[in-house]
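Each chain is listed here by its residues.
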Amino acid sequence: MKNKTFLANCALVLCAVIWGMNFIFQKQASQHLGAFTFISLRYYLGVLSLLPLFFYMRRRKAFAALEAGEEVERWHGRRFWLATLGASLANWGGAVLVQIGLHVADATKAGFIESAYIALVPVLDLLLFRKKTSRRIWIGIAMAIVGLYLLCISDGFSLDVNDAAIMASTLCFALHILMWSRFSPHVDALPFMVVEFLCTGTLSGLVALFTESLTLADLTAAVAPLLFAGVLGVGVTYTIQIYAQRFTPASVAALLMSMEAVFSAVGGVIILHETLSVREWVGCGIMLLTIFYVQLPHREPVKAA
(Lines give C-alpha, C1' and ligand atoms only; values in the text may rest on other atoms or scores of the structure.)
Protein backbone atom coordinates (compact mmCIF):
# COMPACT_ATOMS: atom_id res chain seq x y z
CA MET A 1 0.00 0.00 0.00
CA LYS A 2 2.87 2.40 0.79
CA ASN A 3 4.34 1.84 -2.69
CA LYS A 4 0.95 2.56 -4.26
CA THR A 5 0.65 5.75 -2.22
CA PHE A 6 4.13 6.91 -3.26
CA LEU A 7 3.40 6.22 -6.95
CA ALA A 8 0.05 8.00 -6.63
CA ASN A 9 1.78 11.02 -5.09
CA CYS A 10 4.30 11.11 -7.95
CA ALA A 11 1.43 10.91 -10.43
CA LEU A 12 -0.28 13.90 -8.79
CA VAL A 13 2.94 15.91 -9.06
CA LEU A 14 2.95 15.05 -12.79
CA CYS A 15 -0.59 16.50 -12.93
CA ALA A 16 0.77 19.67 -11.31
CA VAL A 17 3.49 19.90 -13.99
CA ILE A 18 0.92 19.74 -16.79
CA TRP A 19 -1.55 22.09 -15.09
CA GLY A 20 1.24 24.56 -14.35
CA MET A 21 2.19 24.67 -18.03
CA ASN A 22 -1.51 24.80 -18.86
CA PHE A 23 -1.82 28.23 -17.20
CA ILE A 24 0.34 29.66 -19.98
CA PHE A 25 -1.82 28.12 -22.71
CA GLN A 26 -5.05 29.15 -21.00
CA LYS A 27 -3.82 32.73 -20.84
CA GLN A 28 -2.99 32.62 -24.55
CA ALA A 29 -6.38 31.13 -25.43
CA SER A 30 -8.22 33.79 -23.43
CA GLN A 31 -6.99 36.40 -25.93
CA HIS A 32 -8.86 34.67 -28.77
CA LEU A 33 -11.78 32.70 -27.31
CA GLY A 34 -14.52 33.54 -24.84
CA ALA A 35 -14.33 31.72 -21.51
CA PHE A 36 -17.34 29.45 -22.15
CA THR A 37 -16.32 28.67 -25.73
CA PHE A 38 -12.81 27.70 -24.61
CA ILE A 39 -14.06 25.50 -21.77
CA SER A 40 -16.62 23.78 -23.99
CA LEU A 41 -14.08 22.97 -26.70
CA ARG A 42 -11.45 22.00 -24.13
CA TYR A 43 -13.65 19.43 -22.38
CA TYR A 44 -15.03 17.98 -25.60
CA LEU A 45 -11.42 17.45 -26.69
CA GLY A 46 -10.83 15.80 -23.31
CA VAL A 47 -13.70 13.39 -23.98
CA LEU A 48 -12.37 12.58 -27.47
CA SER A 49 -8.93 11.87 -26.02
CA LEU A 50 -10.46 9.43 -23.53
CA LEU A 51 -12.71 7.50 -25.91
CA PRO A 52 -10.03 5.13 -27.31
CA LEU A 53 -8.96 4.19 -23.76
CA PHE A 54 -12.60 3.97 -22.67
CA PHE A 55 -13.57 1.45 -25.35
CA TYR A 56 -10.31 -0.47 -25.00
CA MET A 57 -10.78 -0.90 -21.25
CA ARG A 58 -14.41 -1.86 -21.63
CA ARG A 59 -13.48 -4.51 -24.18
CA ARG A 60 -10.79 -5.96 -21.93
CA LYS A 61 -12.98 -5.68 -18.84
CA ALA A 62 -10.14 -3.85 -17.16
CA PHE A 63 -12.34 -2.30 -14.52
CA ALA A 64 -12.88 -5.71 -12.91
CA ALA A 65 -9.16 -6.44 -13.14
CA LEU A 66 -8.24 -3.18 -11.43
CA GLU A 67 -10.43 -4.10 -8.47
CA ALA A 68 -9.43 -7.78 -8.32
CA GLY A 69 -9.23 -8.96 -4.75
CA GLU A 70 -10.88 -5.82 -3.37
CA GLU A 71 -14.37 -5.84 -1.95
CA VAL A 72 -15.63 -2.39 -2.85
CA GLU A 73 -19.23 -1.31 -3.17
CA ARG A 74 -19.75 -0.07 -6.73
CA TRP A 75 -22.10 2.82 -7.35
CA HIS A 76 -24.59 2.45 -10.20
CA GLY A 77 -27.77 4.08 -11.31
CA ARG A 78 -28.99 7.04 -9.29
CA ARG A 79 -25.94 7.25 -6.99
CA PHE A 80 -23.55 7.25 -9.94
CA TRP A 81 -25.45 10.03 -11.71
CA LEU A 82 -25.78 12.16 -8.55
CA ALA A 83 -22.03 11.81 -7.89
CA THR A 84 -21.21 12.72 -11.49
CA LEU A 85 -23.56 15.71 -11.45
CA GLY A 86 -22.06 17.05 -8.22
CA ALA A 87 -18.49 16.71 -9.50
CA SER A 88 -19.46 18.24 -12.87
CA LEU A 89 -21.01 21.35 -11.29
CA ALA A 90 -18.01 21.89 -9.00
CA ASN A 91 -15.54 21.45 -11.87
CA TRP A 92 -17.58 23.64 -14.23
CA GLY A 93 -17.84 26.45 -11.70
CA GLY A 94 -14.10 26.42 -11.03
CA ALA A 95 -13.14 26.24 -14.70
CA VAL A 96 -15.43 29.14 -15.67
CA LEU A 97 -14.27 31.42 -12.85
CA VAL A 98 -10.58 30.81 -13.63
CA GLN A 99 -10.97 31.39 -17.35
CA ILE A 100 -12.95 34.59 -16.81
CA GLY A 101 -10.33 35.88 -14.38
CA LEU A 102 -7.40 34.95 -16.62
CA HIS A 103 -8.65 37.22 -19.40
CA VAL A 104 -7.17 40.16 -17.46
CA ALA A 105 -5.48 38.80 -14.34
CA ASP A 106 -1.74 38.08 -14.23
CA ALA A 107 -1.21 34.34 -14.75
CA THR A 108 1.44 34.02 -12.02
CA LYS A 109 -0.70 35.81 -9.45
CA ALA A 110 -3.68 33.71 -10.56
CA GLY A 111 -1.63 30.59 -9.88
CA PHE A 112 -1.04 31.72 -6.30
CA ILE A 113 -4.69 32.59 -5.66
CA GLU A 114 -6.01 29.34 -7.14
CA SER A 115 -3.55 27.28 -5.10
CA ALA A 116 -5.31 28.52 -1.96
CA TYR A 117 -7.44 25.38 -2.17
CA ILE A 118 -4.62 23.60 -0.32
CA ALA A 119 -5.91 25.23 2.87
CA LEU A 120 -9.60 24.89 1.99
CA VAL A 121 -9.51 21.13 1.39
CA PRO A 122 -8.58 20.01 4.94
CA VAL A 123 -10.92 22.62 6.45
CA LEU A 124 -13.87 21.46 4.33
CA ASP A 125 -12.92 17.82 4.95
CA LEU A 126 -13.20 18.49 8.67
CA LEU A 127 -16.46 20.47 8.43
CA LEU A 128 -18.24 18.20 5.95
CA PHE A 129 -16.84 14.75 6.76
CA ARG A 130 -15.30 15.25 10.24
CA LYS A 131 -11.97 13.98 8.90
CA LYS A 132 -8.98 15.39 10.76
CA THR A 133 -5.71 16.31 9.06
CA SER A 134 -2.37 15.44 10.67
CA ARG A 135 -0.04 18.11 12.08
CA ARG A 136 2.53 17.18 9.41
CA ILE A 137 0.11 18.15 6.62
CA TRP A 138 -0.83 21.44 8.31
CA ILE A 139 2.88 22.28 8.57
CA GLY A 140 3.27 21.38 4.90
CA ILE A 141 0.34 23.64 3.99
CA ALA A 142 1.89 26.54 5.90
CA MET A 143 5.24 25.95 4.15
CA ALA A 144 3.49 25.84 0.77
CA ILE A 145 1.61 29.10 1.35
CA VAL A 146 4.89 30.86 2.29
CA GLY A 147 6.56 29.45 -0.82
CA LEU A 148 3.64 30.44 -3.04
CA TYR A 149 3.63 33.98 -1.66
CA LEU A 150 7.36 34.42 -2.31
CA LEU A 151 6.96 32.98 -5.80
CA CYS A 152 3.88 34.85 -6.94
CA ILE A 153 3.46 38.10 -4.99
CA SER A 154 6.21 40.71 -5.22
CA ASP A 155 4.50 44.13 -5.11
CA GLY A 156 2.06 43.72 -2.25
CA PHE A 157 -1.22 41.83 -2.33
CA SER A 158 -4.39 43.40 -3.72
CA LEU A 159 -7.51 41.98 -5.32
CA ASP A 160 -9.61 43.23 -8.22
CA VAL A 161 -12.73 41.69 -9.75
CA ASN A 162 -10.75 39.24 -11.91
CA ASP A 163 -8.64 38.11 -8.94
CA ALA A 164 -11.83 37.68 -6.91
CA ALA A 165 -13.27 35.41 -9.62
CA ILE A 166 -10.18 33.20 -9.43
CA MET A 167 -10.37 33.22 -5.62
CA ALA A 168 -13.99 32.03 -5.81
CA SER A 169 -12.84 29.17 -8.04
CA THR A 170 -10.75 27.77 -5.17
CA LEU A 171 -13.93 26.77 -3.31
CA CYS A 172 -15.19 24.91 -6.39
CA PHE A 173 -11.88 23.08 -6.89
CA ALA A 174 -11.60 22.21 -3.19
CA LEU A 175 -15.08 20.66 -3.32
CA HIS A 176 -14.13 18.86 -6.54
CA ILE A 177 -11.04 17.31 -4.93
CA LEU A 178 -13.08 16.19 -1.92
CA MET A 179 -15.79 14.71 -4.14
CA TRP A 180 -13.28 12.71 -6.17
CA SER A 181 -11.63 11.53 -2.98
CA ARG A 182 -14.99 10.22 -1.77
CA PHE A 183 -16.36 8.95 -5.08
CA SER A 184 -13.32 7.40 -6.78
CA PRO A 185 -13.33 4.10 -4.82
CA HIS A 186 -17.02 3.58 -5.63
CA VAL A 187 -17.33 4.38 -9.34
CA ASP A 188 -15.90 3.12 -12.60
CA ALA A 189 -13.42 5.91 -13.25
CA LEU A 190 -13.57 6.32 -17.03
CA PRO A 191 -17.38 6.40 -17.40
CA PHE A 192 -17.43 8.84 -14.47
CA MET A 193 -14.94 11.15 -16.17
CA VAL A 194 -16.50 10.91 -19.64
CA VAL A 195 -19.90 11.91 -18.27
CA GLU A 196 -18.39 14.69 -16.13
CA PHE A 197 -16.47 16.14 -19.07
CA LEU A 198 -19.53 15.96 -21.33
CA CYS A 199 -21.59 17.80 -18.69
CA THR A 200 -18.90 20.48 -18.25
CA GLY A 201 -18.49 20.94 -22.01
CA THR A 202 -22.24 20.99 -22.68
CA LEU A 203 -23.05 23.50 -19.92
CA SER A 204 -20.33 25.83 -21.21
CA GLY A 205 -21.41 25.34 -24.81
CA LEU A 206 -25.02 26.26 -24.06
CA VAL A 207 -23.94 29.49 -22.34
CA ALA A 208 -21.49 30.27 -25.18
CA LEU A 209 -24.25 29.96 -27.79
CA PHE A 210 -26.12 32.89 -26.29
CA THR A 211 -23.28 35.05 -24.96
CA GLU A 212 -20.18 34.62 -27.16
CA SER A 213 -19.20 34.58 -30.82
CA LEU A 214 -16.60 32.43 -32.56
CA THR A 215 -14.67 33.15 -35.74
CA LEU A 216 -12.48 30.79 -37.77
CA ALA A 217 -9.49 33.12 -37.30
CA ASP A 218 -9.83 33.04 -33.50
CA LEU A 219 -10.29 29.27 -33.51
CA THR A 220 -7.20 28.78 -35.67
CA ALA A 221 -5.12 31.03 -33.41
CA ALA A 222 -6.18 28.99 -30.36
CA VAL A 223 -5.60 25.48 -31.80
CA ALA A 224 -2.34 24.81 -29.92
CA PRO A 225 -3.62 26.01 -26.52
CA LEU A 226 -6.82 24.01 -27.04
CA LEU A 227 -4.98 20.80 -27.87
CA PHE A 228 -2.68 21.11 -24.85
CA ALA A 229 -5.46 22.13 -22.46
CA GLY A 230 -7.92 19.54 -23.79
CA VAL A 231 -5.81 16.43 -24.36
CA LEU A 232 -3.15 16.85 -21.65
CA GLY A 233 -4.83 19.33 -19.28
CA VAL A 234 -8.11 17.37 -19.17
CA GLY A 235 -7.89 13.89 -20.70
CA VAL A 236 -4.52 12.82 -19.27
CA THR A 237 -4.39 14.67 -15.95
CA TYR A 238 -7.92 14.00 -14.77
CA THR A 239 -7.48 10.30 -15.55
CA ILE A 240 -4.34 10.28 -13.43
CA GLN A 241 -6.02 12.26 -10.64
CA ILE A 242 -9.06 10.07 -10.17
CA TYR A 243 -6.97 6.89 -10.00
CA ALA A 244 -4.29 8.46 -7.79
CA GLN A 245 -6.80 9.79 -5.26
CA ARG A 246 -7.75 6.22 -4.43
CA PHE A 247 -4.45 5.98 -2.57
CA THR A 248 -3.75 9.59 -1.52
CA PRO A 249 -5.78 11.53 1.10
CA ALA A 250 -7.56 14.62 -0.22
CA SER A 251 -5.46 17.08 1.84
CA VAL A 252 -2.19 15.56 0.58
CA ALA A 253 -3.50 15.48 -2.99
CA ALA A 254 -4.37 19.19 -2.80
CA LEU A 255 -0.90 19.99 -1.46
CA LEU A 256 0.86 18.06 -4.21
CA MET A 257 -1.28 19.53 -6.97
CA SER A 258 -0.67 23.08 -5.69
CA MET A 259 2.81 22.66 -7.18
CA GLU A 260 1.18 23.82 -10.43
CA ALA A 261 2.13 27.39 -9.43
CA VAL A 262 5.82 26.44 -9.40
CA PHE A 263 5.68 24.74 -12.78
CA SER A 264 3.69 27.65 -14.19
CA ALA A 265 6.54 29.98 -13.23
CA VAL A 266 9.20 27.59 -14.57
CA GLY A 267 7.18 27.18 -17.78
CA GLY A 268 7.16 30.95 -18.16
CA VAL A 269 10.97 30.94 -17.96
CA ILE A 270 11.34 28.12 -20.50
CA ILE A 271 8.57 28.96 -22.99
CA LEU A 272 8.07 32.71 -22.64
CA HIS A 273 11.70 33.49 -21.75
CA GLU A 274 10.68 35.25 -18.54
CA THR A 275 13.07 35.62 -15.61
CA LEU A 276 12.66 34.80 -11.93
CA SER A 277 14.14 36.84 -9.10
CA VAL A 278 16.06 35.31 -6.20
CA ARG A 279 12.92 35.70 -4.07
CA GLU A 280 10.88 33.73 -6.61
CA TRP A 281 13.47 30.95 -6.85
CA VAL A 282 13.44 30.73 -3.02
CA GLY A 283 9.66 30.34 -3.19
CA CYS A 284 10.06 27.49 -5.70
CA GLY A 285 12.63 25.87 -3.43
CA ILE A 286 10.32 26.02 -0.41
CA MET A 287 7.50 24.45 -2.44
CA LEU A 288 9.75 21.60 -3.59
CA LEU A 289 10.99 21.09 -0.03
CA THR A 290 7.37 20.86 1.10
CA ILE A 291 6.72 17.97 -1.27
CA PHE A 292 9.66 16.01 0.15
CA TYR A 293 8.67 16.88 3.72
CA VAL A 294 5.11 15.55 3.53
CA GLN A 295 6.34 12.24 2.08
CA LEU A 296 9.06 11.53 4.65
CA PRO A 297 8.47 8.32 6.60
CA HIS A 298 6.73 8.99 9.90
CA ARG A 299 5.19 7.00 12.69
CA GLU A 300 1.42 6.97 13.01
CA PRO A 301 0.18 8.07 16.44
CA VAL A 302 -0.82 5.18 18.70
CA LYS A 303 -4.53 5.28 19.48
CA ALA A 304 -5.64 4.67 23.00
CA ALA A 305 -7.45 1.42 23.56
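Above this text you will find the structure in question.
None of these values were measured; they are calculated from a predicted model.

Peer 1: I keep staring at the environment of Val262 and nothing clicks. Help me out?
Peer 2: Among the secondary structure elements, Val262 is positioned in helix H13 (residues 260-271). With 22 residues separating them in the primary sequence, Val262 and Cys284 have C-alpha atoms 5.7 Å apart.

Peer 1: Explain helix H11 (residues 223-244) to me, please; I cannot follow it from the model alone.
Peer 2: In an α-helix there are 3.6 residues to a turn, and that puts residues three or four apart on one side. If you check H11, its first and last C-alpha atoms are 29 Å apart, about what 22 residues at 1.5 Å a residue would give, namely 32 Å. Of all bends in H11, the biggest is about 30°, found at Thr237.

Peer 1: For this particular structure, what's the right way to read a nonpolar patch on the surface?
Peer 2: Where nonpolar side chains cluster on the molecular surface, the patch consists of Val123, Leu127, Leu128, Phe129 and Trp138 and spans about 480 Å² of accessible area. Of the residues forming the nonpolar patch, the biggest block, 4 residues, is contributed by helix H6 (residues 117-129).

Peer 1: How should I be thinking about the nonpolar core in this particular structure?
Peer 2: The nonpolar side chains of soluble globular proteins are, as a tendency, buried together. If you look at the biggest cluster of nonpolar residues, it comprises 58 residues, and the most contacted ones within it are Phe192, Met193 and Phe197. The greatest single-element share of this core, amounting to 8 residues, is contributed by helix H9 (residues 189-211). When sequence neighbours within four positions are dropped, the list of residues in contact with Phe197 reads Tyr43, Gly46, Val47, Leu50, Val234 and Tyr238.

Peer 1: Can you walk me through helix H12 (residues 250-257) in this structure?
Peer 2: Of all 8 residues making up H12, 8 are buried, and the element is well covered by its neighbours. Listed in full, the buried residues belonging to H12 are Ala250, Ser251, Val252, Ala253, Ala254, Leu255, Leu256 and Met257.

Peer 1: Is there a simple way to think about the packing of aromatic side chains in this case?
Peer 2: Any two aromatic rings considered together are summarised by their centre-to-centre distance and by the angle between their planes. Applying the stated criterion across every chain yields a total of 5 aromatic pairs. Note on Phe80 and Phe192: the rings are 6.2 Å apart at their centroids and 80° apart in plane angle, and the pair reads as edge-to-face. Pair noted here: Phe80 is in helix H4 (residues 77-102) and Phe192 is in helix H9, with a separation of 112 residues, a long-range link. What makes Phe80 buried here is its relative accessible area of 10%. When its relative accessible area of 0% is taken as the criterion, Phe192 is described as buried. By way of ring pairs, the aromatic residues Phe80, Trp81 and Phe192 are connected into one cluster.

Peer 1: Quick question: what am I supposed to make of the packing of H9 against H11 here?
Peer 2: A pair of packed helices is characterised by two quantities: the angle between their axes and the separation of those axes. Across the interface, H9 lies against H11 with an axial gap of 10 Å and an inter-helix angle of 135°. Here H9 is positioned oblique relative to H11, judged by the angle of their axes. Handedness of the crossing formed by H9 with H11: right-handed. Residues Ala189, Leu190, Phe192, Met193, Glu196 and Phe197 of H9 form the contact with H11, whose participating residues are Val234, Tyr238, Thr239, Ile242 and Tyr243.

Peer 1: Help me out: how do you make sense of the environment of Gln241 in this one?
Peer 2: Considering the arrangement of structural elements, one finds Gln241 in helix H11. In the structure, Gln241 is positioned 12 residues away from Ala253 in sequence and 8.7 Å away in space, judged by C-alpha atoms. Look past the residues within four positions of Gln241 in its chain and what remains in contact with it is Leu12, Cys15, Trp19, Ile177, Trp180 and Met257.

About the criteria used
Residues numbered from 1 in each chain as written. Predicted model: local features only at pLDDT ≥ 70, side-chain atom pairs only at ≥ 80, totals over all residues. Heavy atoms only, no water. Helix = DSSP H or I, 4+ residues; strand = E, 2+ residues; numbered from the N terminus. Expected span 1.5 Å × (residues − 1). Bend = angle between axes of the 7 residues up to and from the residue. Patch = residues over 30% accessible without salt bridge, like charges linked within 9 Å, V, L, I, M, F, W, Y side chains within 5 Å. Areas by Shrake-Rupley, 256 points an atom, 1.4 Å probe, with all protein chains shown as cover. Salt bridge = Lys/Arg side-chain N within 4 Å of Asp/Glu carboxyl O. Core = buried A, V, L, I, M, F, W, Y, C linked by side-chain atoms within 4.5 Å. Buried < 20%, exposed > 50% of the residue type's maximum accessible area, 1.4 Å probe, protein only. Contact = heavy atoms within 4.5 Å. Phe/Tyr/Trp six-rings, centres within 6.5 Å; stacked < 30°, edge-to-face > 60°. Axes fitted to C-alpha atoms, helices over the stretch in contact; angles between N-to-C directions. Parallel < 35°, antiparallel > 145°, perpendicular 65-115°, else oblique. Left-handed = near helix turned anticlockwise from the far one by under 90°.

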